[in-house]
Amino acid sequence: MTVPVTIDVVSDVVCPWCYVGRARLKKALEAVPEISVNLRWRPFQLDPTIPPEGKSRRDYLADKFGDETRIRQMHEQLGTLGEAEGISFDFDAIALSPNTLNAHRVIRWAATAEPGVQDRLVGRLFALYFEEGEDIGNAAVLIQAAKEAGMDAAVVETLLATDADRTEVEQEIATAQQMGVTGVPCFLLEGRYAVVGAQEPATLADAIRQVAQAKADGTLDSGQA
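Just so it is clear, the structure is predicted and the values come from calculations on it, not from any experiment.

J.: Teacher, can you tell me more about the packing of aromatic side chains here?
T.: Counting across every chain of the model gives 8 aromatic pairs. Ring geometry for Tyr19 versus Phe130: centroids 6.1 Å apart, planes at 25°, classification stacked. Residue Tyr19 is located in helix H1 (residues 16-31), and its partner Phe130 is located in helix H5 (residues 117-130); the two are separated by 111 residues in the primary sequence. Residue Tyr19 shares its accessibility class with Phe130, and that shared class is buried. Consider the rings of Phe89 and Phe130, whose centres lie 5.4 Å apart with planes at 85°: the pair is edge-to-face. On the criterion of sequence distance, the pair formed by Phe89 in the loop between helix H3 (68-84) and strand S4 (96-97) and Phe130 in helix H5 is long-range, its members being 41 residues apart. Its relative accessible area of 15% is what places Phe89 among the buried residues. According to the relative accessible area criterion, Phe130 is buried, its value standing at 0%. Connected via pairs of aromatic rings, a cluster forms that spans Tyr19, Trp41, Phe89, Phe91, Phe126, Tyr129 and Phe130.

J.: Can you help me understand the sheet that holds strand S6 (residues 193-196) in this one?
T.: Adjacent strands of a sheet pair through backbone hydrogen bonds, lying either parallel or antiparallel. Strand order in the open sheet formed by 4 strands is S2-S1-S5-S6, with mixed pairing between adjacent strands. The open sheet has two free edges, formed respectively by strand S2 (37-43) and S6, since each of these has just one partner strand. Across this sheet, the average inter-strand angle for adjacent strands is 20°, counted without regard to direction. With 4 bridges joining them, strand S5 (residues 186-189) and S6 adopt antiparallel strand pairing. Note that in S6 the partner of Leu188 across the bridge is Ala194. Those strands touched by H5 are strand S1 (5-11) and S2, and its axis lies near 50° from that of S2.

J.: Sorry if this is basic, but what is going on with unusual backbone geometry here?
T.: The phi angle of most residues is negative, glycine excepted, and most peptide bonds adopt the trans form. In this model, Val184 is joined to Pro185 through a cis peptide bond whose omega is 5°. In this structure, Asp165 takes a positive phi of about 65° despite not being glycine. By the element assignment, Asp165 lies in the loop between helix H7 (153-160) and helix H8 (166-178). Looking at Asp165, the relative accessible area reads 21%, which means it is partly exposed. A positive phi angle, near 55°, is found at Glu190, a position not held by glycine. With respect to the helices, strands and loops of the structure, Glu190 is situated in the loop between S5 and S6. The exposure class assigned to Glu190 is buried, which follows from its relative accessible area of 16%.

Conventions we followed
Residues numbered from 1 in each chain as written. Predicted model: local features only at pLDDT ≥ 70, side-chain atom pairs only at ≥ 80, totals over all residues. Heavy atoms only, no water. Phe/Tyr/Trp six-rings, centres within 6.5 Å; stacked < 30°, edge-to-face > 60°. Helix = DSSP H or I, 4+ residues; strand = E, 2+ residues; numbered from the N terminus. Buried < 20%, exposed > 50% of the residue type's maximum accessible area, 1.4 Å probe, protein only. Pairing = 2+ DSSP bridges. Axes fitted to C-alpha atoms, helices over the stretch in contact; angles between N-to-C directions. Contact = heavy atoms within 4.5 Å.

Structure, rendered in structure tokens:
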């Protein structure tokens with residue numbers, strides 16, 4: 001099937017379910033090699049109130065969930081799910097809950113680089129935070145991640161020191177919320193059909209097939225998600 005399908009993934013790089021969702025999406029894409037997919041990562045902030053310097057991870061989780069037993073159970077569940085997807089969550093290594101606005105700015109710039117760079121950057125940021133405990137709100141960490149993904153580190157460093165695209169990212173997050181996106185990951189296919197949550201690869205693959213077929217047939221619904 002030669003008709004390309006555009007998938008916009010609305011996510012936050014401090015969302016563990018988004019990390020799982022990315023791994024499952026990759027499996028879904030492997031299941032539909034006949035379909036050309038244009039993958040784009042879109043910003044969302046689980047908590048935009050976190051200060052620029054970040055917040056103690058322990059304090060953040062305590063404020064949000066309160067019960068340490070509940071937190072431990074959530075981490076154990078995610079750890080098991082992550083193993084199945086090749087992810088080695090190390091929640092104990094995370095000392096800081098960062099504000100992710102700057103990370104989303106860099107992800108936005110990566111979209112203008114060569115194909116695949118943006119997805120590589122997103123994957124690297126997920127790994128840095130969830131597997132290595134790095135502060136992905138830190139400019140030096142973001143610049144290094146951008147370099148590893150194939151971006152021009154000097155350009156990223158220069159732009160990060162300014163307010164470039166800060167308003168645009170905030171507006172994009174607001175637009176997602178206006179569209180009804182309240183939880184992430186959210187996979188938007190052709191801007192019309194939404195698959196919410198870290199769904200199983202088979203579910204994502206089936207949705208991609210259906211949208212690709214509808215697009216090829218010219219029967220794609222014009223309604224928005």
